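Notes for the structure review
These are the residues of each chain, in order.
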Amino acid sequence: MTAVSDRRQLAYIASQAADARVNVELETEGMTLNIGPQHPATHGTLRIVARLDGEQVVSADPICGYMHRGYEKLTEVRSFPQVTTLVNRIDWLGSFANEVPFILAAEKLMGIEAPPRAQYIRTILFELSRIANVSLFLGDMGVQLGALTAVFYAFRDREYVLNQIEAATGGRFHPNFDRIGGLKDDLPKGWIAETRACMDKMRTFCDLMEDLLVGNEIFAERTRGIGVIPRDVALSYGLSGANLRASGVDFDLRRDQRLPMAWDKAEWKVWTHPDGDSFARYWVRLQEVRESTRIVDQLLDSLPSGPVMAKVPRIIKVPEGEAWVSTENPLGEMGYYVVSKGDTGPFRVKIRSASFNNIAVASWVLKGTFVPDVITILASLYFILGDIDR
Amino acid sequence: MSSTEAPAPPTDELREGLVARLRAELGDGVVDTHLVPGDDLWVRIRTDAWQAAGTAARDVLGCEYFCFLSAIDWLPSPYGKGEDDPTEPPPERSSAIVQGYAGGGSRLQVLARVGSVRAKVALTLKADVADDEPRIATWSGIYAGANWHERETWEMFGIVFDGHPDLRHIYLPTEFEGHPLRKDFPLLARMVKPWPGIVDVEPLPGGDDAGEAE
Amino acid sequence: MTTLAVVIPYWGQSILRSLGVAAAVLLPAGTAVYVYLFKMVSFMQSRLGPMEAGPYGSMQLFAEVGKFLQKEDLIPRGADRRIFKLAPIVVVATVFLVYVPIPFGPFAVFGSYDTGIFLALAVSSISVLGILMAGWSSANKYSLMGGLRAAGQLLAYELPMVLAVVGVVIQAGTLNLQGIVAAQHSEKIFGWGGIGYPYVVTQFVGLAVFLIAAQAELTQTPFDMPIAESELVAGYMTEYSGFRFLLFFIGEFAAAGAFAALASTLFLGGWALPWVSLSNHWMNVVGPLVLFTKMMLVMFVIFWVRFTYPRLREDQLQRFAWKVLIPITLANIVVTAVVKVVF
């Protein structure tokens, strides 16, 4: 070893050390970002703890429970009619739809059925709740992506539906209208004609959303291929509603089970989309709102006359037994497992809410996406906090 | 009930087929069933066959759709409905544990529902959970959605799911003690202030219409 | 100051010029805020907008300024104080500087430079520094992400903007903005001199690319990833409140006015009216109004697009700039040069 090569060796080692220092300084480490619980994008207090590498999500963990109200415990100290008030507030945008499966489960245990007119009106109000709920989603998806104008049109046109619900039930958001054996009241005079006009307006609104958002190239670029959930993953997580149908599964509880409601009295179509991405979820919901308006129109045309309440005793004691009823709610499959011991109130009510399963898939689908896509995917999965947290 | 001959109960081939296939797969893992023809099916599974039942439901019965998983506490609540008059001594209440459909042998029972979107049928599976040490196998490897449902069931009932990757609180804060949905866990709102519906009933303004429900 | 036939000492002229540039910057900004941000977007969203402060809400702007001025001056504890305070000043100062070479009339120009447009574009890119400073010094992860996104986006869209202008420069033969206005005024389209020769006629590609790039430089939707209200709350501006936020706000709308003024000068003929002589002294008074009208037209398009379109994701945004806009502008330059030589 000559002196020259010693110096060269020293120089080489020194440069390696310098490189190592630079590499250590430049090495990126993951950043943990808390999306929520207070955030404009999450519809309420949902918190997603995301580990980011630059702008890419390495892992995402949804944390819910900021709005947990303990509904299942609360139902145990209430009587059956009182549970309806409680249950309105689970999915607060389309709240009539929350009451229906519970009332149907109680009626199943009692062995009674509501009269035909009540079944028709229940279905009509159910579909109006769906329209009110999902039309907000149609506008809100635009807001999450940056198109601020869409949601104002949604709020404006949704008011017509809420006016109809208020005219019939007395409450825009929490109707509390369903009773065991039928409904609280009959429809007011002139309601049918007004609702028909309202359905026309909602169809115009759907066309507007289609032009404004679905036809927009930027919307397509932001949603197509984003957050693809394949069929088997969707079924395994228990996704339901439009999320499931957007992954190509042809399953709709309104068509695929026999319930004492009037869905089989109208001609309507189940919409599916094979892609399973965010665009598919938006598109399926858009078509479903249109389809709901058609269902409401047909049922209004064929509304039978008669009483709206069956003969039930004043103090309702539901006989012993267990019953499960689930319906195709605006957010997905919502079901109640009601256990009764022959008392005036339920023994145990298990509330199966759609958004709980819909958000469980977030930890799977958000891996490897970019932060803006996190917002898109969460917006397209569409959850309501009250539904997740109960 | 009519006095003439009762109509023959309708047969439900679809659901009876499910029971038969499940029995063939699990043998005596199927302890009991309760079938309401044309309506619904309950199957009680032996505790140690719970995971095999989940796999059988998914693979043999084709029930890929996971609906929910929860539990029931069959102990009648010692607090009643929180309507006790606080000035009176608490009334006598039966604490007999009576299970529901498809029977049972323990206070806590796990309850799960899975369905097939192709056959458009679903069934409810139940299993006993030992009273002294509530444990049962996890379904999170069979149905991905079971992960969150089992976390909630553990949090609310205290049933430990063996093999669950991440059993931690989902709704309640981490330091929460107790299992709220158990019947002996009191509903604090009613403990603090009992429901006044019985004790103090004010007359309705303008006279009441033959009295409200008590 | 030959029109007024008054001799004003040099320090008086400097004060007048400072007030003039303040007016030139703040008046379009304020008008744009009221007309477009308060009223136009409200009508588009089927609501009325501010109606209480003054007739039809016209005093709302002053109310907002007053509100911002009386707010508490909050600086996050972990923030780098000096840079935090400096960032909005950098952004606003560069916007003021962009207005310097823009001609408002034959002699109503703050500084007539032979490299006018080059100076304007160079100065406008300094605001990137201000945004990065704001994002970094806020000690907030959301602000940092907003700042980084802004840096990438603004650097990417500088190029299409500059290249779009090159076509105009080739046609006019000069970088001097006053000269470009004169060229548009004096030339004829196919021998007809009725409206002069606004370069929008042949440089429509250039105008389209310039407006798109301006939209991106202003971080307006569809390029508002740095702000991305539904994701990052307010991006790099999240931690700013009160007067500092007001500076950012003024900077945003003044910059919109600046780019609209540049677009009007380069493509729509600037302050000149085709049938009025270039050296008419009254154009010193009417010219600013003409330019203002053209600026409002351009800003209408900018804000209309802002409130309609969803936003592009960062990588889609970059892809659009590098793979679509730059090739188009390069082709535009080639075609312009060929046509200029041949015809």
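Numbering of residues starts from 1 in every chain and runs along the sequence as written. Here every chain gets a letter starting at A, and every ligand a number starting at 1, in the order they are written. Local features in a predicted model are, by the rule used here, given only for residues with pLDDT of at least 70; side-chain atom pairs are given and counted only at 80 or more, and totals for whole chains, interfaces and linings are based on all residues. Note that the side-chain values use all heavy atoms of the structure and ignore hydrogens as well as water.

Quick word on helix 2 (residues 60-69) of chain C
- Here's how the labels work: a residue is buried when its accessible area is under 20% of the maximum for its type, exposed when over 50%, partly exposed in between, all with a 1.4 Å probe on protein chains only. Runs of H or I in DSSP of at least four residues are treated as helices and runs of E of at least two as strands, each being numbered from the N terminus. Burial in helix 2 of chain C covers these residues: Gln60, Leu61, Glu64 and Phe68 of chain C. The arc enclosing the buried residues of helix 2 of chain C, seen along the axis, measures out at 100°, which places them on a common side. Relevant arc is that of directions from the helix axis to the C-beta atoms, nothing else.

With respect to the packing of aromatic side chains
- Between the rings of Phe, Tyr and Trp (Trp by its six-membered ring), a pair exists once the centres lie within 6.5 Å; its type follows the angle of the planes, with under 30 degrees stacked, over 60 edge-to-face, and the other angles tilted. The tally for this structure, following the rule as stated, stands at 32 aromatic pairs over all chains.
- Consider the rings of Trp42 of chain B and Tyr101 of chain B, whose centres lie 4.7 Å apart with planes at 85°: the pair is edge-to-face. Of this pair, Trp42 of chain B sits in strand 2 (residues 40-45) while Tyr101 of chain B sits in the loop between strand 3 (65-73) and strand 4 (108-116), and the two are 59 residues apart along the sequence.
- Where Phe104 of chain C meets Phe110 of chain C, the ring centres are 6.1 Å apart and the plane angle is 75°; that geometry is what we call edge-to-face.
- Ring pairing ties together the aromatic residues Tyr36, Phe68, Phe245, Phe249, Phe253, Phe300, Phe303 and Trp304 of chain C, which thus form one cluster.

Structural notes on the pattern of salt bridges
Residue and element names in this part refer to chain A.
- Within this document, salt bridges are pairs made up of a side-chain nitrogen of Lys or Arg and a carboxyl oxygen of Asp or Glu, the two lying within 4 Å of each other. The tally for this structure, following the rule as stated, stands at 48 salt bridges over all chains.
- The shortest N-O distance in the salt bridge between Arg245 and Glu328 comes to 3.0 Å. Here Glu328 lies in strand 6 (residues 321-329) and Arg245 lies in helix 10 (residues 242-245), a separation of 83 residues in the sequence.

Focus: empty space enclosed by the protein
Residues and elements named next belong to chain C.
- Method remark: on a 1 Å grid restricted to protein atoms, a set of points is classed as a cavity if a 1.4 Å probe fits but cannot get out and as a pocket if it is open with protein on both sides within 12 Å along at least five of seven lines; lining residues have an atom within 4 Å of a point. Grid points are joined across faces, edges and corners, and a volume is the space filled by probe spheres set on the points. Inspection of every chain in the model, using the stated rule, returns seven cavities of 30 Å³ or more.
- As for the largest cavity, its lining consists of 20 residues, of which Val91, Ser127, Glu217, Gly251 and Ala255 are closest to the centre.
- For the lining of the largest cavity, the secondary-structure elements that each account for two or more residues are helix 3 (81-98), helix 5 (127-137) and helix 10 (243-268).
- Per element, the largest residue contribution to the lining of the largest cavity is six residues, and it comes from helix 10.
- Of the residues in the lining of the largest cavity, the class split is 13 nonpolar, five polar and two charged. For this classification, Asp, Glu, Lys and Arg are treated as charged, while Ala, Val, Leu, Ile, Met, Phe, Trp, Tyr, Cys and Pro are nonpolar and the rest, including Gly, are polar.

Some details on the interface of chain B and chain A
- We call two residues in contact whenever any of their non-hydrogen atoms come within 4.5 Å of each other. Between chain B and chain A, the residue contacts involve 52 residues of the former and 50 residues of the latter.
- Summed over both partners, buried area is the accessible surface (1.4 Å probe) that two parts give up on being assembled. Across the interface of chain B and chain A, roughly 4200 Å² is buried in total on both sides, 55% from carbon and sulfur atoms.
- At the boundary of chain B and chain A, one finds eight salt bridges.
- The partner of Lys120 of chain B in a salt bridge is Asp256 of chain A, with the nearest N and O atoms 3.5 Å apart.

Quick word on the sheet that holds strand 8 (residues 348-352) of chain A
Residue and element names in this part refer to chain A.
- DSSP bridges decide pairing: two strands pair if at least two such bridges lie between them. The three strands are arranged 6-7-8 in an open sheet whose pairing can be described as antiparallel. Looking at the sheet topology across the chains shown, the edges are occupied by strand 6 and strand 8. Looking at each pair of strands side by side, their axes are set apart by 10° on average, direction ignored.
- With nine bridges connecting them, strand 6 and strand 7 (residues 332-340) associate as antiparallel partners. Bridging from a neighbouring strand, Asn329 pairs with Gly332 of strand 7. Orientation is described by lines fitted to C-alpha atoms, with helices fitted over the stretch in contact, and by angles between N-to-C directions that extend from 0 to 180 degrees.

A short note on the arrangement of the chains
- The assembly contains two pairs of chains in contact; the pair sharing the most contacts is chains A and B.
- These two, chain B and chain C, are apart from each other, with no contact and a minimum C-alpha gap of 25 Å.

A closer look at unusual backbone geometry
All names here are of chain A.
- Positioned with a positive phi, Asn176 is a non-glycine residue whose angle comes to about 50°.
- Of note, Asn176 is situated in the loop between helix 6 (149-169) and strand 4 (178-179).
- Even without a glycine there, the phi angle at Tyr382 is positive, about 55°.
- Relative to the assigned elements, Tyr382 resides in the loop between helix 15 (371-381) and helix 16 (385-389).
- Take Tyr382: its relative accessible area is 1%, and that puts it in the buried class.

Points about the interface of chain C and chain A
- Each side of the interface is counted separately: chain C has 24 residues, and chain A has 34 residues.
- Both sides of the chain C and chain A interface together cover about 2500 Å² of buried area, and 59% of this is carbon and sulfur.
- The interface formed by chain C and chain A holds one salt bridge in total.
- Between Asp373 of chain A and Arg313 of chain C there is a salt bridge, with the nearest N and O atoms lying 2.9 Å from each other.
- Here a polar contact means two N or O atoms within 3.5 Å. Within protein one must be a hydrogen donor candidate and the other an acceptor candidate, and residues neighboring in sequence count only if both atoms are side-chain atoms. At the junction of chain C and chain A, the tally comes to seven residue pairs in polar contact (both at pLDDT 80 or more).
- Of all the secondary structure elements, the ones that give two or more residues to the side of chain C that touches chain A are helix 6 (141-172), helix 9 (229-232), helix 11 (283-308) and helix 12 (314-342) of chain C.
- By residue number, the principal contributor to the side of chain C that touches chain A is helix 6 of chain C, which donates four residues.
- Looking at side-chain class alone, the side of chain C that touches chain A contains 10 nonpolar, six polar and eight charged residues.

A look at the confidence of the model for chain A
- Across chain A, the average pLDDT comes to 86, with 92% of residues at or above 70.
- What pLDDT expresses is the predictor's confidence in each residue, scored from 0 to 100. Scored below 50 in pLDDT, residues 20-27 of chain A shows zero contacts in the model against residues more than four places distant or in partner chains.

Regarding a nonpolar patch on the surface
- Exposure above 30% relative accessible area and the lack of any salt bridge qualify a residue for a patch; like charges then connect within 9 Å, and the nonpolar side chains Val, Leu, Ile, Met, Phe, Trp and Tyr within 5 Å. Each accessible area value is a Shrake-Rupley result obtained with a 1.4 Å probe; residue values ignore everything except the protein chains displayed when judging cover. A grouping of Val334, Val335, Val338, Val339, Val341, Val342 and Phe343 of chain C is seen on the molecular surface, where their side chains present a nonpolar patch of about 740 Å² in accessible area.
- Looking at the element boundaries, Val339 of chain C is found in helix 12.

Regarding the sheet that holds strand 5 (residues 121-129) of chain B
All names here are of chain B.
- Taking strand neighbours across the sheet as the criterion, the five strands line up as 1-2-5-4-3 in an open arrangement whose pairing is mixed. Each of the sheet's edge strands pairs with one partner strand only, and the pair in question is strand 1 (30-36) and strand 3. With direction set aside, neighbouring strand axes in the sheet form an average angle of 20°.
- For strand 3 and strand 4, the ladder comprises eight bridges, and the chain directions are antiparallel.

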